Amino acid sequence: PDAQRNPGPGYPATTPMKKLAVDTAAALRGADLASVTLRFDDTLFTGSDWGPEWPEYYRSDGTAAPVAALMVDDGIAGAQSWVKVADPAAAAARRFAQLLSAQGIKATDIKAEKSPSAANRIASVSSVPVADLVGQALTTSDNETAEALFRLAGIGAGYDGSFEGGARAVRDAVESIGVSTSGAVFVDGSGLSKQDRLSPKMLVGILRRAVTDDAQLWPIARGLAVAGVTGTMEYRFGTPTAQQAKGWVRGKTGTLNYVSSLAGFVQSKSGRLLVYASIANEAKSSGDAARQIDEIAARIARCGCDAA
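Residues numbered from 1 in each chain as written. Predicted model: local features only at pLDDT ≥ 70, side-chain atom pairs only at ≥ 80, totals over all residues. Heavy atoms only, no water.

Visitor: Tell me what's going on with the overall build of the protein chain, and back it up with residues and numbers.
Guide: If you tally the helices and strands in the protein chain, you get nine helices and six strands. Relative to the globule expectation of 19 Å for 308 residues, the C-alpha radius of gyration of the protein chain, 21 Å, shows essentially globular dimensions. Once the C-alpha set of the protein chain is aligned to its principal axes, its extents read approximately 70 × 40 × 35 Å. Across the protein chain, the fraction of contacts at a sequence separation of at least 24, relative to all contacts at a separation of at least 6, is 58%. Surface summary for the protein chain: the accessible area is close to 16200 Å², and the carbon and sulfur share equals 52%. Averaging the coordinates of the 32 positive side-chain charges in the protein chain and doing the same for the 32 negative ones gives two points 5 Å apart. (Helix = DSSP H or I, 4+ residues; strand = E, 2+ residues; numbered from the N terminus. Rg over C-alpha atoms; globule rule 2.2 N^0.38 Å. Contact = heavy atoms within 4.5 Å. Areas by Shrake-Rupley, 256 points an atom, 1.4 Å probe, with all protein chains shown as cover. Lys, Arg positive; Asp, Glu negative; His and termini not counted. Charge placed at Lys NZ, Arg CZ, Asp CG, Glu CD.)

Next comes the structure, spelled out in structure tokens:
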């Protein structure tokens, strides 16, 4: 996230573009340069930048931005808006030019171009740990971060930075920890596509390994929002019978039109750590379905059961 907007306490320490601009400007001044042409390289990700069956209004209502390897502030159009820009990489380059200008360096002729292999690095900033990015994406249901991680997983697995590459990598990863992906369909990283298919059984299998730190998956468990406290769970569990579970239930929410889901873990009254997953499809109201799912999770928290 850029310094132009305070993203709130749900975000990890940032990778600031402002610092990159300050360091870049210092290097350019050291080379006696006050004006440069600016190129940006967003070729790391390949294929379509818009998910299968994503409606166009996802961009205008702030649900999702086009997937890009170069993006600032989740692709929002401005500090007071949740509308996403049409070209996140170009918008990020323009923002970088503004920050350079504030440091006395004029950047002109801004356009996309593949970075030459012989290019010299004059400044850089490092990402926060991937585990923190995973946690932030889960806590706040950050679609842009989820999509970026999805593409990077595809590249890391030896495929490519496309939706298809990410899907293959995710399937490989889930099966590598002994969880069956039978019947599952992965088409994007955010879960916004209506083509995605997941089962509660698969989610529970992953969560069981996460809470016991199998396959070093604890960052998943740690990143789940806390009922009534953090992220997308902050305003959940508000009914009289569910509110006693606030602070106890942790989970990842999922919400689409007529669909609501919640998966996570909770320590039951008996002291046993239980994992759960609930998905409501074709609900008359995703809000009503969410409240019913909250009631289920709250009952798990109150029970003295000894098995999931």
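Next comes the rest of the write-up.
Visitor: Outline the packing of helix 4 (residues 130-140) against helix 5 (residues 143-156), listing residues and values.
Guide: A pair of packed helices can be characterised by two numbers: the angle between their axes and the separation between those axes. The contact between helix 4 and helix 5 brings their axes to 8 Å, and the two run at 135°. By the angle between their axes, helix 4 is oblique relative to helix 5. In the packing of helix 4 onto helix 5, the handedness of the crossing is left-handed. Judged by residue contacts, Val130, Leu133, Val134, Gln136 and Ala137 of helix 4 engage Thr145, Ala146 and Leu149 from helix 5. (Axes fitted to C-alpha atoms, helices over the stretch in contact; angles between N-to-C directions. Parallel < 35°, antiparallel > 145°, perpendicular 65-115°, else oblique. Left-handed = near helix turned anticlockwise from the far one by under 90°.)

Visitor: Describe the sheet that holds strand 3 (residues 225-226), and please don't skip the residues or the numbers.
Guide: Strands sit in the order 3-4-5-6 across an open sheet of four strands; the sheet is antiparallel. Of all the strands in the sheet, just strand 3 and strand 6 (273-280) have a single pairing partner and so form its edges. Looking at chain direction, strand 4 (residues 250-256) and strand 5 (residues 259-267) are connected through seven bridges and run antiparallel. Note on strand 5: the bridge partner recorded for threonine 253 is leucine 262. (Pairing = 2+ DSSP bridges.)

Visitor: For the nonpolar core, give the residues involved together with the corresponding values.
Guide: Residues Trp54, Tyr58, Val179, Met202, Ile206, Phe265 and Val275 are the most contacted members of the largest nonpolar core, which totals 28 residues. If you list the elements that add at least two residues to this core, you get helix 6 (163-176), helix 7 (200-211) and strand 5. Considering each element in turn, this core owes the most residues, six residues, to helix 7. The contact partners of isoleucine 206, leaving out residues within four places of it in the chain, are Val174, Ile177, Val179, Leu217 and Ile220. Among the nonpolar cores identified, the runner-up in size contains 17 residues, and Ala242, Leu262, Ala298 and Ala301 belong to it. (Core = buried A, V, L, I, M, F, W, Y, C linked by side-chain atoms within 4.5 Å. Buried < 20%, exposed > 50% of the residue type's maximum accessible area, 1.4 Å probe, protein only.)

Visitor: Give a detailed account of helix 4, specifying residues and quantitative values.
Guide: Within helix 4, burial applies to Gly135, Gln136, Ala137, Leu138 and Thr139. On the buried face of helix 4, the contacting elements are helix 5, helix 8 (218-223), strand 3 and strand 4. Just beyond helix 4, the residue with positive phi is serine 141, at close to 55°.

Visitor: Give a description of the packing of aromatic side chains that names residues and reports values.
Guide: Tallied over the entire structure, the rule returns three aromatic pairs. With 6.0 Å between their ring centres and 80° between their planes, tryptophan 54 and phenylalanine 163 make a pair best called edge-to-face. One end of the pair, tryptophan 54, is in the loop between strand 1 (35-40) and helix 2 (57-60); the other, phenylalanine 163, is in helix 6, and 109 residues separate them in sequence. In terms of burial, tryptophan 54 and phenylalanine 163 fall into one category: buried. Linked through ring pairs, Trp50, Trp54 and Phe163 together constitute an aromatic cluster. (Phe/Tyr/Trp six-rings, centres within 6.5 Å; stacked < 30°, edge-to-face > 60°.)

Visitor: Run through unusual backbone geometry, naming residues and quoting values.
Guide: Unusually for a residue other than glycine, aspartate 109 sits at a positive phi of about 50°. Classification of aspartate 109 as partly exposed rests on a relative accessible area of 43%. Although it is not a glycine, phenylalanine 237 adopts a positive phi angle of roughly 60°. Take phenylalanine 237: it is sitting in the loop between strand 3 and strand 4. You can call phenylalanine 237 buried: its relative accessible area is 1%.

That's the geometry; what it means functionally is another story.
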